[in-house]
Amino acid sequence: MLLISDGVTPSNIDQGYVLRRIIRRLIRHMRKSEIDVEMLESLIVQYMEVLSEMYPELTKRKIMILEVLLAEKKKFMRTLLNGEKEFNKAVDRAKSESKTMLEGEIVFRLYETYGFPPEMTEELAKERELGVHMNEFETLYKLHQEKSRARSKSKVPRRSCRAK
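Since the model is a prediction, treat every value here as computed from it, not as a measurement.

Colleague: Summarise the packing of aromatic side chains; cite the residues concerned and give the values.
Modeller: Scanning the entire structure with this criterion turns up five aromatic pairs. Measuring from ring centre to ring centre gives 6.0 Å for Tyr111 and Phe137, while their planes differ by 90°; the resulting arrangement is edge-to-face. Of the two residues, Tyr111 is situated in helix H6 (residues 104–114) and Phe137 in helix H8 (residues 134–154); the sequence distance between them amounts to 26 residues. With a relative accessible area of 28%, Tyr111 lands in the partly exposed category. Residue classification places Phe137 among the buried positions, given a relative accessible area of 4%. Plain terms: the ring middles of Phe137 and Tyr141 are 5.8 Å apart, the flat faces sit at 20° to each other, and that makes the pair stacked. One end of the pair, Phe137, and the other, Tyr141, are both in helix H8, four residues apart, so they sit about a helical turn from each other.

Colleague: Please provide a residue-by-residue account of the pattern of salt bridges, values included.
Modeller: Side-chain pairs of opposite charge can arise whenever the charged atoms involved come near each other. Tallying each qualifying case throughout the model produces 13 salt bridges. The salt bridge involving Glu119 is made with Arg21; its shortest N-O contact spans 4.0 Å. On the criterion of sequence distance, the pair formed by Glu119 in helix H7 (residues 118–127) and Arg21 in helix H2 (residues 14–32) is long-range, its members being 98 residues apart. Using a relative accessible area of 34% as the deciding quantity, one classes Arg21 as partly exposed. One connected set of salt bridges, linked through shared partners, spans Arg25, Arg28, Lys32, Glu123 and Glu127.

Colleague: Just give me the short version of the packing of H2 against helix H5 (residues 62–96), but keep the residues and values in it.
Modeller: Where H2 meets H5, the closest approach of the two axes is 10 Å, and the angle between their N-to-C directions is 60°. With respect to their mutual orientation, H2 and H5 come out oblique. Both H2 and H5 take part in a crossing whose hand is right-handed. Listed contacts from H5 to Arg20, Ile23, Arg24, Ile27, Arg28 and Arg31 of H2 are Leu69, Glu72, Lys73, Lys75, Phe76, Met77, Leu80, Leu81 and Glu84. Tallied by class, the residues present in the contact of H2 with H5 amount to seven nonpolar, no polar and eight charged.

Colleague: Account for unusual backbone geometry, with residues named and values stated.
Modeller: Even without being a glycine, Asp14 presents a positive backbone phi close to 50°. Note that Asp14 resides in helix H2. Positive phi, normally seen in glycine, also occurs at Glu129, with a value near 60°. Here Glu129 shows up in the loop between H7 and strand S2 (131–132).

Analysis parameters
Residues numbered from 1 in each chain as written. Predicted model: local features only at pLDDT ≥ 70, side-chain atom pairs only at ≥ 80, totals over all residues. Heavy atoms only, no water. Phe/Tyr/Trp six-rings, centres within 6.5 Å; stacked < 30°, edge-to-face > 60°. Helix = DSSP H or I, 4+ residues; strand = E, 2+ residues; numbered from the N terminus. Buried < 20%, exposed > 50% of the residue type's maximum accessible area, 1.4 Å probe, protein only. Salt bridge = Lys/Arg side-chain N within 4 Å of Asp/Glu carboxyl O. Axes fitted to C-alpha atoms, helices over the stretch in contact; angles between N-to-C directions. Parallel < 35°, antiparallel > 145°, perpendicular 65-115°, else oblique. Left-handed = near helix turned anticlockwise from the far one by under 90°. Contact = heavy atoms within 4.5 Å. Nonpolar A, V, L, I, M, F, W, Y, C, P; charged D, E, K, R; others polar.

Honestly, it's all geometry; don't read function into it.
Structure representation (structure tokens):
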């Protein structure tokens, strides 16, 4: 709430990335604790009321804070549902093959295709008594970044061909 009231919004970089991870961990742990995620708004409002004397800006920015939190919750719930289905298939496949580790390629595919956070894959795998080859994931991720950079460098900017 305080980050959002200071103008930080969920994103893939800097403080926005930290905020996104905090919100997503909150939602993940709510679900894990069997707390209805739909209660998030009322819980946030209650915390705002409790903290409003110390942080009056929470009251002033209540609507904005709620909009940001609820939008990120909605995005993450979509990600979770799709990613968890694929994660469960991968775990079932690994267990049927008597593997004790999930391949980094699986972690990368979940991340790249479904936006499923690698930290979450690792956490869920641990709950299912599986390890994760995070080094393989890191290698694939770095390779992906290098390819993306190379593609963006190879694009030649268009020049204006105006007749003078």
